[in-house]
Each structure stands twice: as structure tokens, then as C-alpha cells.
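# Structural overview for review
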Amino acid sequence: MSSESTQARTLAIFCKVVDNYGDIGICWRLARQFHHEHGIAVTLWVDDLRSFQRIWPSVDTHAAVQMREGVQVRHWDGQDGVFSPSEVADIVIEFFGVDIPPGYIAAMAQCEPRPVWINYEGLSAEAWVEGCHRLPSMHPRLKLTKHFFFPGFTDKTGGLLRERGLLEARAAFQADAAAQASFLSGLGVTSEEIAALKVSLFCYPAAPLATLFDAWRRGDRRIVCLVPEGVAREQVGAFLGAEPVAGSVVRQEQLTLRVIPFLPQHDYDRLLWACDLNLVRGEDSWVRAQWADLPFVWHIYPQDENLHHVKLRAFLEQYAGKLDGLADFSLHWNGAGAGPADWPSLWTALLAELPSIGARARQWQAAMVAHGDLVSNLLSFVRSLR
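Before going into details, it helps to say that this report is about the structure given with it. (Residues numbered from 1 in each chain as written. Predicted model: local features only at pLDDT ≥ 70, side-chain atom pairs only at ≥ 80, totals over all residues. Heavy atoms only, no water.)

## Quick look at the nonpolar core
- Counting residues in hydrophobic clusters, the biggest one holds 119 residues, and the most contacted among them are F34, F52, W216 and W333.
- Counting 18 residues, the second largest nonpolar core, distinct from the first, contains F14, W76, I100 and Y104. (Core = buried A, V, L, I, M, F, W, Y, C linked by side-chain atoms within 4.5 Å. Buried < 20%, exposed > 50% of the residue type's maximum accessible area, 1.4 Å probe, protein only.)

Below is the structure:
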């Protein structure tokens, strides 16, 4: 087979938004990196343009087709539609096992050669992931084979999403105190608040915020908590005593809670880089926190029968090691701790451990870099199949 025939020139990603911003966040990063770094023509099919617009404001929520950052974005508004083989991409990614329109699959089966069909799975530290990574699955009726591709934390997985130049940009920003101060002041943070312990907050509504806010308020360390508008709206609003709109701020004893605008992806990275501790959720912000080179606590997407607790513990076993304060705080933050949560004690232990967690973050990042970036790893796998 010639090198020309093995070179994928087009790629389609099918994304259905379930976790508001995590799904589209990951797919948008994938789409941009495939195009910008590898010269592939990408079509991103997405069903929820409003969530997309929150992380990338230039998105037109009414457009059936639009070009953004060199990527063709198509509104995926149903499973109907007839497609020809010429409309099928060389690589087809179904994100988190979504059902691709039957008409598109039928057209895939008519292509010669067949497209590489990838089921892009969720990130997990569970041991079984290594055994399932790259496994094939035959279509029950058509001559098509799907392959499972798992992001992960070892060299037996696909690695983590990381675009070119990310770590250099992060290091430059964190070395520039004036750039950090300018960014934070643009969000309304005062010079006095910049000097405090800065915590970014991105969590699901079930997080035990009221008790954590109380522990922060009564503690012995000045804390500024920055929460994007719309996150944990009811609990944040209850603490504020008002609608939590961007610009809202309340100071109670040691805690200042400030609502900031919901940020596009590139600014959210800067928020993570500028804070001393990042509380993140789901998958996209979780991965970005790992590249921030700073302490973070993960709020995992809830699943039925608490299956997410298994996934959480698998990650903590790899990441937290002997950092008991981080492990205990994380488990109780996710409703998986043993016994009732004593938030003042949990917070005090985590706070004392922050320097050690920071050192672990740097070690972890170096290990993740050694596994390569996910997009390059995925394209290498595609070449091996074609």
C-alpha cells in the first residue's frame, strides 16, 4: 500500500453533549489539534451548540454549518440523513460510544478502503483499560471494524490530550507575575485578593459546598474562591444571598467568594495556572488541571450505583500515593469517604499538604509527558491499521 493511501486527510468527530462542557470541550480540543498540528480536514458534528458557545463564544448557535478555527462544525440535529461514500471521512470518531447516524454508517461500508472507525472512550485509571485499549469490534452486519481507543495514564493507553506548546505557555505565564495579576484583575480580583490563597471552583451541584464554605470562612487562612457563573448555582447563590451573576462577591470572615464570567477554554487554562488550588470536575478540566502543574481536587461525574467511586479510587491510588490529606478530602468531596465529613479537619490536612501535592503534580506531569500526546498516539495507531 502506498504512503499516500495510508495518509488520513479527513476526520469526523461525532459528539453528543451529556456533561455540559466536558464532552464538547474534549471534542473541540481534539478537532483543533488534529487540524492545526497535523493538517487534517476535520468535521465536528455536535448536537448542543449552546454549550459549545459557552466555551468558544464565536460559535453561532443557529448555524447548520460553520467554520471555526479551520474546523467545519455541523449541527447534529438527529439520526436521519442519507450520505454518500464521498461524504465519509478517512477517520471517524464516535465520542464516548455515541450512535452515529445509520445513514453515515451505511456509507462507511461502501467506502474503499474503509474508514478507520474509532470509539473514543472516557479517561480512567482502572486496570482493565490497558487490556481494552485498541481492541477491535466487528459490526454485526456490515464489513466494518470499530476500534476502542482509551486515554490513560500509562504507556499501554492513548495518553492524555496535550497540544503543542501548552507546557511552554503555562510555564511562561506562571513565571510572569504581572501577566497573572493582569489576568486576575480583568476578572475583578483585587490586589488584596491576589495575595490570598486563590482557589478555582468547578464542580457538580452535589458537591458539599455549604460545609466547605463554612470551613473556609472560619479557618485561619485568607481564601479567595473564584467560581465561574452558572457553576453550582443554587449553593453559590445561597452563600451570596443573591443571584450568582458574574461580578457578584461576598466576604465573610476569612473567605471571599467571587463569581467570575464563564470562561472560554484558553482563559480557563489561565485561571487554572493562576490559582493555588484548583477544584475541577468531569474529564476536560481534570486533564487541564494536570497540565497546570499545581494541586487539584477532582469532582468526578456521578454514575448510577456509585460506580464513579471505583474510578475515583483507581486514580487516587496512582496519583495520591502517601498524600493522605488529598485522598481523604477527595473521597469526602465525592461522597465516598468513610464516616461523616469533618470539613474543618479535612481542609486543614489538605492545606498542610499543598507543598507536597505540588511536588507530586510536577512528578506526575513529567511521567504523563513521557507517554506522548494523545492525538499523535491516535494517528500512529490509525497508520498501523491502514
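Right, picking up where we left off after that structure.
## Considering the packing of aromatic side chains
- Tallied over the entire structure, the rule returns 35 aromatic pairs.
- Joined through ring pairs, the aromatic side chains of F153, W286, F296, W298, F315, Y319 and W364 make up one cluster.
- The ring of Y319 has R360 lying over it, and the distance from NZ or CZ to the ring centre is 5.5 Å. (Phe/Tyr/Trp six-rings, centres within 6.5 Å; stacked < 30°, edge-to-face > 60°. Lys NZ or Arg CZ within 6 Å of the ring centre and 35° of its normal.)

## Remarks on the sheet that holds strand β8 (residues 145-149)
- Overall, mixed pairing links the eight strands, which are arranged β3-β4-β2-β1-β5-β6-β8-β7 in an open sheet. In the strand order of this sheet, the two ends are held by β3 (65-68) and β7 (136-138), each with one partner. For this sheet, the mean inter-axis angle between neighbouring strands, taken without regard to orientation, is 25 degrees.
- Here four bridges tie strand β2 (residues 41-46) to strand β4 (residues 71-75), and the two strands are oriented parallel to one another. Of the residues in β4, the one forming a bridge with T43 is Q72.
- Contacts between helix α2 (residues 22-38) and the sheet are confined to β1 (10-15), β2, β3, β4, β5 (91-95) and β6 (116-120), with β2 contributing the most and set at about 165 degrees to the helix. (Pairing = 2+ DSSP bridges. Helix = DSSP H or I, 4+ residues; strand = E, 2+ residues; numbered from the N terminus. Axes fitted to C-alpha atoms, helices over the stretch in contact; angles between N-to-C directions. Contact = heavy atoms within 4.5 Å.)

## With respect to the packing of helix α11 (residues 265-274) against helix α12 (residues 284-291)
- For the pair α11 and α12, interaxial distance at closest approach is 9 Å and the crossing angle is 50 degrees. Judged on the interaxial angle alone, α12 and α11 are oblique. The hand of the α11/α12 crossing is right-handed. Facing α11, whose interface residues are Q265, Y268, D269 and L272, α12 presents D284, S285, R288 and A289.
- A class-by-class count of the residues in the contact of α11 with α12 yields three nonpolar, two polar and three charged. (Parallel < 35°, antiparallel > 145°, perpendicular 65-115°, else oblique. Left-handed = near helix turned anticlockwise from the far one by under 90°. Nonpolar A, V, L, I, M, F, W, Y, C, P; charged D, E, K, R; others polar.)

## Considerations on the pattern of salt bridges
- The tally for this structure, following the rule as stated, stands at 15 salt bridges.
- The shortest N-O distance in the salt bridge between E163 and R288 comes to 2.8 Å. With E163 in the loop between β8 and α6 (166-174) and R288 in helix α12, this residue pair connects regions lying 125 residues apart in the sequence.
- The shortest N-O distance in the salt bridge between D214 and R218 comes to 3.1 Å. Note that D214 and R218 are positioned in helix α9 (residues 209-218) at a spacing of four residues, about one turn of the helix.
- For D214, a relative accessible area of 29% gives the class partly exposed. (Salt bridge = Lys/Arg side-chain N within 4 Å of Asp/Glu carboxyl O.)

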